[in-house]
Amino acid sequence: YRFTHAITRAPATSIIRGLRAVDTGNPDLATLRAHHDAYIATLRETGATVVELGPLEDFPDSVFVEDTALCLPEGAVVMRPGAPSRLGEAAEMAPHLKALYTEVRTVDEGHIEGGDILVTGREILVGRSARTDATGIASLARLVADWGHRLREVHTPPGVLHFKTDCSLLDAETILSTDRLAGSGCFAGYRVIPVAEGEEAAANTIRFNDLVLMPEGFPHTRDAILTAGYTVREIGNSECAKLDGGMSCLSLRF
Ligand code: CIR
């Protein structure tokens, strides 16, 4: 599968008010912008078109565009974020999806965020979490059924923000995962590359065309991915990490 497009959004200065599970200090905006620029340049290096949307000051977490939509080959689905301060971000994304897709549908019941959704090619895994509930999952299942997609509901480990905080798809058969998530058995039938102990924050990576983009600073997990034969690019993530964000959160890819 090759991605031809990604959508990103510039961080707003209001990001210092962004949501976080544990306060470890505010992100430094200049550093965050430098990391974000490196991320976009790396996506572009693979030949994809990257749409860069402008900052939304009213939405401190709006740099994390992944949570606002699900992009599938057949069309896009606008999410219904479970974080009240993020609900309005989805409507802001809708017109940009309509410009790129002929079909855009919208989840209209319950709550669901893109960070809880892993599309593997054979199925769509959706993790129930503090942000994603059964009603939201059922709504998404109905919206994508006639596109031929089957959803499987799984669990996000307790205390973990999103399902994909703890896993990433490296190719159609292979998932990078923390042990605390893979231990639930949800990846039976896939090859699992474990994230090194103590490097749980390395689980949120993305495979984008020929590259695996992963956060800088997790050498054991990086070496495991390299050994498995992938080409790795390490991107600084220190500032987004303060807001529980990582590689997947920063783009919509299709
Ligand atoms: C939030 O709590 O919603 C943001 N601070 C981080 C969102 C990260 N998004 C993602 O994992 N897909």
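All of these numbers come straight from a predicted model, not from anything done at the bench.

Peer 1: Got a minute to help me understand the UniProt feature "binding site: substrate" (unreviewed entry) in the protein in this structure?
Peer 2: Sites flagged by UniProt as "binding site: substrate" (unreviewed entry) map to Leu19, Asp61, Glu66, Asp67, Arg86, Arg131 and Leu243. With respect to the secondary-structure elements, Asp61 resides in the loop between strand 2 (49-53) and strand 3 (69-71). Asp61 gets classed as buried once you count the C-beta atoms within 10 Å, which come to 25. Counting through the fold element by element, Asp67 comes out in the loop between strand 2 and strand 3. Residue classification places Asp67 among the buried residues on the basis of 30 C-beta atoms within 10 Å. Excluding its chain neighbours within four sequence positions, the residues that come into contact with Asp67 are Met79, Pro81, Arg86, Glu113, Gly114, Gly115 and Cys249.

Peer 1: So what exactly am I meant to see when it comes to the nonpolar core here?
Peer 2: Soluble, globular proteins show a tendency: their nonpolar side chains are buried together. Ranked by size, the top nonpolar core spans 57 residues in total, and within it Ala69, Val77, Val78, Met79 and Leu213 carry the most contacts. Residues contacting Met79, with those up to four places away along its chain left out, are Asp67, Thr68, Ala69, Leu70, Ala90, Val107, Ile112, Glu113 and Gly114.

Peer 1: What's the story with the sheet that holds strand 6 (residues 117-119) in this structure? I'm lost.
Peer 2: For sheets, the rule is that strands pair by backbone hydrogen bonds, running either parallel or antiparallel. Here 3 strands make up an open sheet; going across it, the order is 6-7-8 and the pairing mixed. If you trace the sheet from one side to the other, it starts and ends with strand 6 and strand 8 (151-155), each paired once. Recorded for the sheet is a direction-independent mean angle of 25° between the axes of neighbouring strands. Pairing of strand 6 with strand 7 (residues 124-128), which is carried by 3 bridges, proceeds in the antiparallel orientation. Bridge assignment links Leu118 to a residue of strand 7, and that residue is Leu125.

Peer 1: Got a minute to help me understand the site of the ligand in this structure?
Peer 2: Near the ligand, the surroundings consist of 19 residues, among which Leu19, Phe64, Gly115, Leu243 and Cys249 are the closest. In the shell around the ligand, the residues fall into 6 nonpolar, 7 polar and 6 charged.

Peer 1: Hey, could you run me through helix 1 (residues 29-45) in this one?
Peer 2: Helical geometry: 3.6 residues make up each α-helical turn, so side chains three or four residues apart lie on a common side. Its 17 residues place the ends of helix 1 24 Å apart at the C-alpha level, agreeing with the 24 Å of an ideal helix rising 1.5 Å per residue. Every buried residue of helix 1 is listed here: Leu32, His35, His36, Tyr39 and Leu43. One side of helix 1 holds all its buried residues, which, seen down the axis, span an arc of 100°. For helix 1, exposure combined with an orientation more than 90 degrees from the buried face picks out Ala30, Asp37, Ala41 and Arg44. For helix 1, the secondary structure elements touched by its buried residues are strand 1 (5-9), strand 2, strand 12 (206-208), strand 13 (211-215), strand 14 (231-235) and helix 6 (238-241). Once helix 1 ends, the next one or two residues include Gly47, with phi positive near 95°.

Peer 1: Explanation requested: unusual backbone geometry in the structure shown.
Peer 2: Despite not being glycine, Asn209 shows a phi value in the positive range, around 55°. Considering the arrangement of structural elements, one finds Asn209 in the loop between strand 12 and strand 13. You can call Asn209 partly exposed: it has 15 C-beta atoms within 10 Å. We note that Asp244 has phi near 65°; this positive angle belongs to a residue other than glycine.

Peer 1: Any chance you could explain the pairing of strand 1 here in plain terms?
Peer 2: Two faces belong to every sheet, and in a regular strand the side chains alternate between them. Most of strand 1 sits inside the fold, with 4 of its 5 residues counted as buried. Of the strand pairs in this sheet, strand 1 and strand 2 are connected by 5 bridges, and their pairing is parallel. Note on strand 2: the bridge partner recorded for Ala6 is Val50. Read from strand 1 through helix 1 to strand 2, the crossover connection turns out right-handed. Summarising the sheet, strand 1 and strand 15 (residues 252-253) pair through 2 bridges and their orientation is antiparallel. Within strand 15, the position partnered with Ile7 by the bridge is Leu252.

Peer 1: Where do I start with the UniProt feature "active site" (unreviewed entry) in the protein in this structure?
Peer 2: Within this numbering scheme, the UniProt entry marks His162 and Cys249 as carrying the feature "active site" (unreviewed entry). In terms of the greatest pairwise C-alpha distance, the residues named above, spread along 88 residues, form a tight cluster of at most 10.0 Å across. Among the secondary structure elements, His162 is positioned in the loop between strand 8 and strand 9 (167-171). Assessed through the 28 C-beta atoms surrounding it within 10 Å, His162 is described here as buried. Not counting the four nearest positions on each side in its chain, His162 is found in contact with Glu113, Gly115, Asp116, Gly127, Ser129, Arg131 and Thr156. The residues contacting Cys249, other than those within four sequence positions of it, are Phe64, Glu66, Asp67 and Gly115.

Criteria and cut-off values
- Residue indices begin from 1 for each chain and proceed along its sequence in written order.
- The model is predicted, so local features are restricted to residues of pLDDT at least 70 and side-chain atom pairs to those at 80 or more, both for listing and for counting; the totals for chains, interfaces and linings are taken over all residues.
- UniProt positions are given in the numbering used here, feature names are shortened, and annotations may be inferred rather than shown by experiment.
- Each helix is a run of H or I in the DSSP string that is no shorter than four residues. Each strand is a run of E no shorter than two, and both are numbered from the N terminus.
- Buried residues are those with 20 or more other C-beta atoms within 10 Å of their own C-beta, exposed residues have 12 or fewer, and partly exposed residues lie in between; C-beta atoms are placed from the backbone.
- In this description, any two residues whose backbone-derived C-beta atoms lie within 7 Å of each other are considered to be in contact.
- Residues enter a nonpolar core if they are buried, belong to Ala, Val, Leu, Ile, Met, Phe, Trp, Tyr or Cys, and are joined to the set through C-beta atoms within 7 Å.
- When DSSP finds two or more bridges between a pair of strands, those strands are recorded as paired.
- An axis is simply a line fitted to the C-alpha atoms; with a helix, the fit covers only the stretch in contact. Between two such axes, the angle follows the N-to-C directions and lies from 0 to 180 degrees.
- We call a residue near a molecule or strand when its C-beta atom, built from the backbone, sits within 6 Å of it.
- Residue polarity is assigned by list, with Asp, Glu, Lys and Arg as charged and Ala, Val, Leu, Ile, Met, Phe, Trp, Tyr, Cys and Pro as nonpolar; anything else, Gly included, falls into the polar class.
- Here the expected length of a helix is defined as 1.5 Å per residue gap, with one fewer gap than residues.
- For this quantity, the arc is that covered by the directions from the helix axis to the C-beta atoms.
- A crossover counts as right-handed when, viewed with the strands pointing away from the observer, the path leading from the first strand over the helix to the second turns clockwise.

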